[in-house]
Amino acid sequence: MTTAIFYAISTGNTSNIANIIAQELNIDEINDIADTSLEKINEYSNVILGISTWGDGDLQDDWDDNFEELKKVDFSSKTVAFFGLGDQDGYPDTYLDAMGILYEQIKSMGAKIVGEWESDESYSFDESKALINNKFVGLALDEDM
């Protein structure tokens, strides 16, 4: 089984987390989608997708720009995990919405989703599209905290 991380960056936080995850899980393939076609996802059995939420719940620019390309990837035989970054204090009504949007798209394409993350008292936000049944759809992070 081959595993790769695909992420996009605006400030560097998502890249830092992608590198930490890759080191912890001994993953050699890390891809910034600004420099790599999303079709490359087809080469892997297991994929970790990293995304940050911008503004009032928006996808990070590179994910937004490549969303149509993402829809062309065959996720039906893939296992996918997510990590997302957001700002609980500045945007408590849209915390990690981008991860939730990405999750819904990938799920609708038949991927096996793993890595849900329990929401507990250490999180302080009002709403999130990434929260389903009190669990985040992936690793929920706030690098500003």
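Up top is the structure.
(A) Summary view of the nonpolar core. Of all hydrophobic cores here, the largest spans 33 residues; its most connected members are L49 and W63. Of all the secondary structure elements, the ones that give two or more residues to this core are strand 1 (3-7), strand 3 (46-54), helix 3 (67-70), strand 5 (79-85) and helix 4 (97-108). For this core, the element with the highest residue contribution is helix 4, accounting for five residues. In this structure, W63 is in contact with F6, Y7, A8, I33, L38, L49, G50, I51, L70 and L102, ignoring residues within four places of it in sequence. Counting 12 residues, the second largest nonpolar core, distinct from the first, contains I17, I21, I27 and L141.

(B) Focus on the pairing of strand 3. Among the nine residues in strand 3, eight count as buried, and that is most of the element. Looking at chain direction, strand 1 and strand 3 are connected through five bridges and run parallel. Bridge assignment links F6 to a residue of strand 3, and that residue is L49. Relative to strand 5, strand 3 is paired through seven bridges, and the arrangement is parallel. Bridged to N46 within strand 5 is T79. Note: strand 3 against strand 4 (residues 58-59), two bridges, orientation antiparallel. Bridging from a neighbouring strand, T53 pairs with L59 of strand 4.

(C) Examining the pattern of salt bridges more closely. A full pass over the atoms with the stated rule returns three salt bridges. Here K40 and E43 are joined by a salt bridge, their closest N and O atoms 3.6 Å apart. By relative accessible area, which is 25% here, K40 ends up partly exposed. By relative accessible area, E43 is classed as exposed at 52%. Across the salt bridge formed by K135 and E116, the nearest N and O atoms sit 3.2 Å from each other. Placement of K135 in strand 9 (residues 135-136) and of E116 in the loop between strand 6 (112-113) and strand 7 (117-118) is noted, with a sequence separation of 19 residues between them.

(D) Layout of the packing of aromatic side chains. Within the structure shown, the criterion is met by seven aromatic pairs. Between F125 and F136, the aromatic rings sit 5.6 Å apart at their centres with planes inclined by 45°, giving tilted as the arrangement. On the criterion of sequence distance, the pair formed by F125 in the loop between strand 7 and strand 8 (131-132) and F136 in strand 9 is long-range, its members being 11 residues apart. Judged by relative accessible area, F125 falls into the buried class, the value being 17%. The rings of Y95, Y123, F125 and F136 are connected pair by pair, giving a single aromatic cluster.

Conventions and cut-offs
- Residues numbered from 1 in each chain as written.
- Predicted model: local features only at pLDDT ≥ 70, side-chain atom pairs only at ≥ 80, totals over all residues.
- Heavy atoms only, no water.
- Core = buried A, V, L, I, M, F, W, Y, C linked by side-chain atoms within 4.5 Å.
- Buried < 20%, exposed > 50% of the residue type's maximum accessible area, 1.4 Å probe, protein only.
- Helix = DSSP H or I, 4+ residues; strand = E, 2+ residues; numbered from the N terminus.
- Contact = heavy atoms within 4.5 Å.
- Pairing = 2+ DSSP bridges.
- Salt bridge = Lys/Arg side-chain N within 4 Å of Asp/Glu carboxyl O.
- Phe/Tyr/Trp six-rings, centres within 6.5 Å; stacked < 30°, edge-to-face > 60°.

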